[in-house]
Every structure is written in C-alpha cells, then in structure tokens.
Amino acid sequence: MSKETFMNTELIQASLKKRYARERRFQLYGKLAVLLGFAFLFILLFDIVSKGTPAFTQKQLQITVNFDADKLGIAPDASAEELRQANYNAVIKASLRDMFPDVTSRGDKRRLYRLVSIGAEYDLRDQVMANPSLVGQTGDFWLLAHSEAAGYLKGQISRDLPEAERRVKDVQMNWLDQLRDQGRTKSSFNTLFFLAGDSREPELAGIRAALQGSFFTLVVTFLLAFPIGVFAAVYLEEFAPRNRLTDLIEININNLAAVPSIVFGLLGLAVFINFFELPRSAPLVGGVVLSLMTLPTIIITSRASIQAVSPSIREAALGVGASKLQTVFHHVLPVAMPGILTGSIIGMAQALGESAPLLMIGMVAFIMEVPGGVTDPSTVLPVQIFLWADSPERGFTEKTSAAIMVLMGFLIVMNALAIYLRRRFEVK
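Below or above, wherever it landed, is the structure these notes cover.

What counts, and at which threshold
Residues numbered from 1 in each chain as written. Predicted model: local features only at pLDDT ≥ 70, side-chain atom pairs only at ≥ 80, totals over all residues. Heavy atoms only, no water. Axes fitted to C-alpha atoms, helices over the stretch in contact; angles between N-to-C directions. Helix = DSSP H or I, 4+ residues; strand = E, 2+ residues; numbered from the N terminus. Parallel < 35°, antiparallel > 145°, perpendicular 65-115°, else oblique. Left-handed = near helix turned anticlockwise from the far one by under 90°. Contact = heavy atoms within 4.5 Å. Nonpolar A, V, L, I, M, F, W, Y, C, P; charged D, E, K, R; others polar. Core = buried A, V, L, I, M, F, W, Y, C linked by side-chain atoms within 4.5 Å. Buried < 20%, exposed > 50% of the residue type's maximum accessible area, 1.4 Å probe, protein only. Patch = residues over 30% accessible without salt bridge, like charges linked within 9 Å, V, L, I, M, F, W, Y side chains within 5 Å. Areas by Shrake-Rupley, 256 points an atom, 1.4 Å probe, with all protein chains shown as cover. Salt bridge = Lys/Arg side-chain N within 4 Å of Asp/Glu carboxyl O.

The next thing to look at is the packing of helix H5 (residues 106–113) against helix H8 (residues 170–181). In contact at an axis separation of 10 Å, H5 and H8 are set at 50° when each is read in the N-to-C sense. When the axis of H5 is compared with that of H8, the two are oblique. At the point where H5 passes H8, the crossing takes the right-handed sense. Together, Asp108, Arg111 and Leu112 of H5 and Val171, Gln172 and Trp175 of H8 make up the contact between the two elements. Per-class residue counts for the contact of H5 with H8 are 3 nonpolar, 1 polar and 2 charged.

Below you can see the structure in the form of structure tokens.
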C-alpha cells in the first residue's frame, strides 16, 4: 500500500468517525428533546390532577338540628308554602350555638356559622318538605361544609401558616378538629360538581350548565360545519373548474385556517348579534361562530382525503357507466370517509377547547340555570374554566383543575373516536 493510499484511508476513516459521532449526537439530542417534552407534559398533568382530584369529593358535617317551629318562624301545622319559606338558616345557627355553647362573641359566632355551606339550609328545607313531621323534632343531619372548612379537612390548609395568611382561623380549626374527633365529619363523592350549575360559593359550583351548553354548541357546530365543509371539498376537488376564481377560493380557505380565533368572535359579534340580533350568550350563536372557525379545517382535510383516493377507483366506476355524481358519492366518498371523519372530529375537538371567540359573543356571563335549548343563555366548559380561574376564592382552584380534567377527558375521547372510526372504515 502506497503512502498516498494510506493517507486517503486515514482521512476516510477520520471522516467516518466524525460523521458517526454527529449522528450519535443528533440521536442523543432527539432523545433528550422527547424526554424533555414528556417531562413537561408529566409536570403539567401532575399539577392539574393533584389540584383537581379533591374537587371530586365533598366534606360534610353532622349537625344536631332542632327544628323548633318558633325559630323556623312557622306554626306547627304550617302549609307546604310556609315550610318552603321558613327560616332554616336561623335553625342551623341556633343548632351550631347549642353544639358550641362556649362561643359567645359576635366575631366567633360569624366564624362558627361559616363552617356550614349556605346551601345547607336548602338541603334542610327539602328534607322538611318531604317529611313535615320533622317540625318540632331534633336529629342529626349531614350538612355540606363551607369550602374553606372543607379545604382544612382535606389537608389543603396548614396550621403552620400564620393565621393572617389563611382564611380558616385557629378557632375554626379547633372546632373542626372537635367535630372530626367526634366522628361528625365525612367525605363523599361530589355529585354537585356534575349536577349543579355555576355558583358564587365554590362548594356549590358545578359544571352541568357548562357541559350542556358545550353540547348544544357542538351540535350546532357539527350540523353546520360538517355538511357544508364536505360538500365544499367535494365540489372544489371533483367538479370546480381550474381557473383564477377557484384558485382564489382555495387561497382564502387556507388563509382562514390560520386566522386567530378571536377574529371569528368579532365577526359573530358584529354580524350575528348586532346585525341579525340573535340572542347573546346562546349556543346558537356560539355554534355558528365555531362552525365558521372549523370550516377551513374540515374542507382542507376532506380535500386531502379525496385526493388520496386512487384514480383507478374513479376510472373503474366511470368505465362501468356510472355518472360523475355517482362516482363521487358511491365510490370516492366512502373510500375517503375515514380521513374526512378524522379531520372533522379533530376540528370539533379544537372547537370544544376554544374560548376566545365565545368570550366576544357574551358567553362569559354568569349562568346558573341549565340551558334547555340552543337559544337559552349558556356558557361552555372552556369559558367556565376561565371564569373560575379568575375567582379569588381558594375553593375555585380545585374546581378549575377538575374542570380541565373533564375537558381533557372529552378531548381524549373525541380523538380516540376519530382513530376508531378511521380504522373501522379502513377495514371496510
């Protein structure tokens, strides 16, 4: 081997070592990037789950209640309407004073009354109306604890904090400890979180109104966006002539897909509410706005799915005498349907998580009642999360994280449904 050949071999080997080293470094950087992404995702999910899990349980206090007719402000033989209007709050306060006779100062009495939720009086009212014989009787009843008292019982508030930095004072902690030692506290599944509407009190706030509003909004969005988007994609891909007009339409559709969502909210405010005078805070308007936002995504994904259909299917259908319309609807669309459905469901999932356009059309209002139709005042789950996140009460922190968990669950279900439908139609 000549000296020149030996030197060339050394140079090649050195070059190969450097190239292999760069490749190994690149793979290492890629693995580190993936691990870093998973680490941030894990931290995010852990933070949400750890904060939101307590919201699925509620704390109750067992109070010895004396349904004294005088304190209720009614006669012993009161009518149903009088029972409904009775002063159950006074009964609860008197019962708490009887259980803690050492509490005498006005400030301590206010703190004592704050152990029980304001919703407890409505629970007692329902029980008395169901059983009027309770009037004049004394018994133990489980009443919903106030969110601050529940936070202490759940271990979210520590005694180590200075008293000035926490809402639950030392004397309230002592009372709660006494009740816990006596077996007068318990935990139960928080059904109110799923069955109640919004409330100013964290322990009474629920997501039912937001869930139903999201459902009505998504129904309107799907009924408008899916057929219009699919038919537009079919026309542009199969029937539209290739000229400057269709090129302009395609460019605008692609540009609309990148428009910030809040712009669609401004469009809905200006056109559908101010011009057409449709009701504010209604799922009808929210669905129309979200359908406009979702349309470009559905059209683009539908066109890509139609383009992916093999030309041989079209040629075979035309070869046996099928018309252009029959070829598209009987042969091309069924083959392209997995991709169309996948794109549509992903677009709907994107619409489910949107809040900015709905804020612009007034769906940020405080809604307690569950909507019964698409024209009733309503809110949606992302907006409800936004409202709770802006609330100063500590009890809304766990409600915010729990609502995010529910929203993420719906998004996971919708994406899983998209995968399932795609695979099923592909098999067919």
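Further remarks concern the nonpolar core. Counting 56 residues, the largest nonpolar core has Phe193, Ile207, Ile340, Leu358, Ile361, Leu381 and Trp388 as its most contacted members. Those elements that provide at least two residues to this core are helix H10 (208–239), helix H12 (261–275), helix H13 (283–307), helix H15 (324–352), helix H17 (381–389) and helix H18 (395–427). With 12 residues, the top contributor of residues to this core is H15. Aside from chain neighbours lying at most four places away, what touches Trp388 is Phe193, Asp198, Ala205, Gly206, Ile207, Phe396, Lys399, Thr400 and Ala403. Formed by 37 residues, the second largest nonpolar core is a distinct cluster that contains Val65, Leu96, Leu134 and Val135.

Okay, a nonpolar patch on the surface next. A surface patch of nonpolar side chains, about 600 Å² in accessible area, is lined by Leu36, Phe40, Phe42, Ile43 and Phe46. Its place among the elements puts Leu36 in helix H1 (residues 3–52).

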